[in-house]
Amino acid sequence: MKQQQINKESETTGAMLRHIRIRNRKNYLFKALIIGATVMCTLPLLFILFYIFRQGITAINWQFFTSLPKPVGETGGGISNAIVGSILILLLSCVMAIPFGVGIGIYLSESPKSRLSYYGRLSVDVLQGIPSIVIGIIIYQWVVRPMGGFSAFSGSVALALMMLPSIVKSTEETLKLLPESLKEASLALGVPYYKTIMKVIVPTGLSGILTGVILSISRVIGETAPLLFTAFGNPFMSTDIFKPISSLPLIIFNYATSPYHDWHQLAWGASLILIVIILILNIISKIVQRKWKVQF
Amino acid sequence: MPDVNREERGLQLKEKAFKNTLVIFALLSVVVLLAIFITLLFSSMPSLKALGISFFYNKDWDPVADNFGALPFLLGTLITSFLALIISTPFSIAIALFLGEYYKKGIMAEIFKNMIDLLAGIPSVIYGFWGLFVLVPLVRSLEMKLGVAPYGVGIFTASLVLSIMILPYSVSLSRQVISMMPGHLKEAAYSLGATRLEVITKITIPYTRSGLFAGLLLALGRALGETMAVTMLIGNSHILPTGIFSAGNTMASVIANEFSEATGTVYTSALIEMGLFLFVVVTVINIIGKQVIKRFTA
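Model, not experiment: these values are computed from the prediction.

Draft legend 1. A look at the overall build of chain A. Broken down by element type, chain A carries eleven helices and zero strands. For chain A, the sequential pattern of α-helices and β-strands runs α-α-α-α-α-α-α-α-α-α-α. For 296 residues, the compact-globule estimate of 2.2 N^0.38 gives 19 Å, and chain A exceeds it by more than 25% at 28 Å. Across its three principal directions, the C-alpha atoms of chain A cover 100 × 70 × 35 Å. Classification of the 296 residues of chain A by burial places 44% in the buried group. Restricting to contacts in chain A with at least 6 residues of sequence separation, those with at least 24 account for 75%.

Have a look at this one:
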């Protein structure tokens, strides 16, 4: 009788131990699964980077930076027009987007609870989500049609509209973190409000604002869809902002979808340059963030 | 002391000008958004009037006959986006758990976080280019094995690239939500003898459900409007898609392909109407997603 009970007990403990072992095993299996899935997701990134590097490095030489694309059938040629175009478009869109973006950001952080702030924040959120192709349509209707043709200027307006939300966000987030005492100290000294903002608050939060600007540049530098019907592309060198202009993403799109091997080569080179620029911008933003971090 | 007075007045003027400028800037952001909506609405009026509701169920797109039906593109957009979402969701939750639960800090977390961020930084057109030269041959050989027409390009290829592209968007939110999970809930479960897996499936995921859902919504919003990579990989066919391997077109890719060559008021405005539809759908999805997050974090 007693022996039976002991047997039964050891049986139940055995079953329990087995159960615990199974649960533990499942636990480890799940962790392995998670790690496996995470590693798997980084593989496409490595493949893409590796492939572009391998294909692009052979296309890049001095001529690639200094000359224009050659017509089909001739090897060589470069993408100098696209590089100049990209720089011009981005400079113009920075000039347009930064003052507005920083201004809206200052307003949102200075009067966070007003009704205008609520709607402003909502609009900026919505603006950020608008598909880039829709931005292209809008700028076509707003700028290209009234001005009578595709132009570098219209492309810059499109990119500026896309940069705006992230500049606003980073400005607002940075300025919100600054302690109220900073502003109070300045105002207590009799410094007028606008000078307090421009000479004390904004310079203190400069690193955050700058990071936002750099990241927004790195985000729009590869945008193609809004440029399709605004900047349009141009096979020749152009620095006239009221004429169609080429840019790196446009040249990649046009040459990648062409059937010619030489043009594919140019597109790979352009892709490599674009990726390297984006990497550098990201690294710079990280350094700026770390080096000039606001500390209190 | 007239001098001081004048200075005082100048200062007040500047003060007022500064404050007003800020208000005008903020107003401008609202005005721009409204203007975008109104522009889209007015520009698609000719097509709304000429085609009416049939625009959404007519399956023929024939610019020569001025007959425009967006059904193939509507379906194309929905199929590619949801397929991409289905492919990427298990991975995005896995990465979110990896970064929000298993490896919150340390060198591993830093490396993988930066890599996922970089995934978001690669331009759409480069994804398309890479897909065209690497993914398309792979899909073609897969299609040959399966015995379907081996185009290579098509809805499946586009979804595959799209799933990689939207991954960072759902990961960044899900990771935040999972790492914000209050510790005492998890500790209570651990103290009852739960394993980590049980804590994740029975405590963390049910608790963060709404936040994870918001992450999916935001990723969906991205997928619906994604243009360049899809345009390059979907095959650009105007017929109704018959399966996931058939060539198709999405609303965004049709706009990208045809907008600058569109002639005729109705043609252009039909394309803009698709833009308007995209804008409204994506905006609604984004606002719902943001509201869900707000409720979760509040």
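Draft legend 2. Looking closely at the overall build of chain B. When its secondary structure is counted, chain B shows eleven helices and two strands. Counting helices and strands in the order they occur from the N terminus, chain B gives α-α-β-β-α-α-α-α-α-α-α-α-α. For chain B, the C-alpha radius of gyration of 25 Å lies well beyond 19 Å, the compact-globule estimate for 298 residues. Principal-axis analysis of the C-alpha atoms places the extent of chain B at approximately 85 × 65 × 35 Å. Scored against the burial criterion, the 298 residues of chain B give a buried share of 45%. Across chain B, contacts joining residues at least 24 apart in sequence account for 75% of those joining residues at least 6 apart.

Draft legend 3. Layout of the environment of A:Ala225. Inspection of the secondary structure assignment puts A:Ala225 in the loop between helix H9 (206-220) and helix H10 (248-256). Exposure remark for A:Ala225: the 28 C-beta atoms within 10 Å place this residue in the buried category. Placed 102 residues apart in sequence, A:Ala225 and A:Ser123 show a C-alpha to C-alpha distance of 22 Å. With residues near it in sequence (within four places) discarded, A:Ala225 still touches A:Ser132, A:Ile133, A:Gly136, B:Thr227, B:Met228 and B:Ala256.

Draft legend 4. Representation of the confidence of the model for chain B. Confidence along chain B averages 91 in pLDDT terms, with 98% of residues attaining 70 or more. Interface predicted TM-score (ipTM) for the complex: 0.92; the corresponding pTM is 0.92.

Draft legend 5. The arrangement of the domain arrangement of chain A in detail. For chain A, the assigned domains are domain 1 (2-44) and domain 2 (65-291). The distance between the C-alpha centroids of domain 1 of chain A and domain 2 of chain A comes to 53 Å.

Draft legend 6. Structural detail: the interface of chain B and chain A. Contacts between the two partners involve 61 residues from chain B and, on the opposite side, 62 residues from chain A. Tallying contributions element by element places helix H1 (residues 2-43) of chain B first for the side of chain B that touches chain A, with 17 residues. Its residues placed into classes, the side of chain B that touches chain A shows 43 nonpolar, 14 polar and four charged.

Draft legend 7. Structural detail: the packing of helix H5 (residues 132-147) of chain A against helix H6 (residues 152-177) of chain A. All names here are of chain A. The interhelical angle for the contact between H5 and H6, taken along N-to-C directions, is 140 degrees, at an axis separation of 9 Å. By the angle between their axes, H5 is oblique relative to H6. As H5 packs across H6, the resulting crossing turns out to be right-handed. Residue-level inspection shows Ser132, Ile135, Gly136, Ile139, Val143, Val144 and Met147 of H5 in contact with H6, the latter providing Phe153, Ser154, Val157, Ala158, Leu161 and Met162. Broken down by class, the residue content of the contact of H5 with H6 amounts to ten nonpolar, three polar and no charged.

Draft legend 8. Quick peek at unusual backbone geometry. Within the chain, A:Phe232 stands out as a residue other than glycine whose phi angle is a positive 70 degrees. By the secondary structure assignment, A:Phe232 is in the loop between H9 and H10. Overall, A:Phe232 belongs to the buried group, with 21 C-beta atoms counted inside 10 Å. Unlike most non-glycine residues, B:Asn236 shows phi in positive territory, near 50 degrees.

Draft legend 9. Representation of the nonpolar core within the structure. Ranked by internal contacts, the top residues of the largest apolar core, which has 161 residues, are A:Ile252, A:Ala270, B:Ile126, B:Val161 and B:Ile255. Of the residues forming this core, the biggest block, 15 residues, is contributed by helix H6 (residues 155-179) of chain B. In contact with B:Val161, other than residues within four places in its own chain, are B:Tyr127, B:Gly131, B:Leu135, B:Ala229 and B:Leu233.

Draft legend 10. Focus on the environment of A:Leu266. All names here are of chain A. Locating Leu266 in the fold gives a position in helix H11 (residues 261-291). For Leu266, a count of 26 C-beta atoms within 10 Å translates into the label buried. C-alpha separation for the pair Leu266 and Cys41, spaced 225 residues apart in sequence, amounts to 29 Å.

Draft legend 11. Main features of the packing of helix H8 (residues 196-225) of chain B against helix H11 (residues 265-297) of chain B. Residues and elements named next belong to chain B. For the pair H8 and H11, the least separation of the axes is 9 Å and the interaxial angle reads 160 degrees. Between H8 and H11, the interaxial angle falls into the category roughly antiparallel. Seen from above, H8 lies across H11 with left-handed handedness. Across the interface between the two elements, Ser210, Gly211, Phe213, Ala214, Leu217, Leu218, Leu220, Gly221, Leu224 and Gly225 from H8 touch Leu278, Val281, Val282, Ile285, Asn286, Ile288, Gly289, Val292, Ile293, Arg295 and Phe296 from H11. Tallied by class, residues from the contact of H8 with H11 come to 14 nonpolar, six polar and one charged.

Each value, and the rule that gives it
- Residues numbered from 1 in each chain as written.
- Chains lettered and ligands numbered in written order.
- Predicted model: local features only at pLDDT ≥ 70, side-chain atom pairs only at ≥ 80, totals over all residues.
- Helix = DSSP H or I, 4+ residues; strand = E, 2+ residues; numbered from the N terminus.
- Rg over C-alpha atoms; globule rule 2.2 N^0.38 Å.
- Buried ≥ 20, exposed ≤ 12 C-beta atoms within 10 Å, placed from the backbone.
- Contact = placed C-beta atoms within 7 Å.
- pLDDT = per-residue confidence, 0-100.
- Domains from an automatic or database assignment.
- Nonpolar A, V, L, I, M, F, W, Y, C, P; charged D, E, K, R; others polar.
- Axes fitted to C-alpha atoms, helices over the stretch in contact; angles between N-to-C directions.
- Parallel < 35°, antiparallel > 145°, perpendicular 65-115°, else oblique.
- Left-handed = near helix turned anticlockwise from the far one by under 90°.
- Core = buried A, V, L, I, M, F, W, Y, C linked by C-beta atoms within 7 Å.

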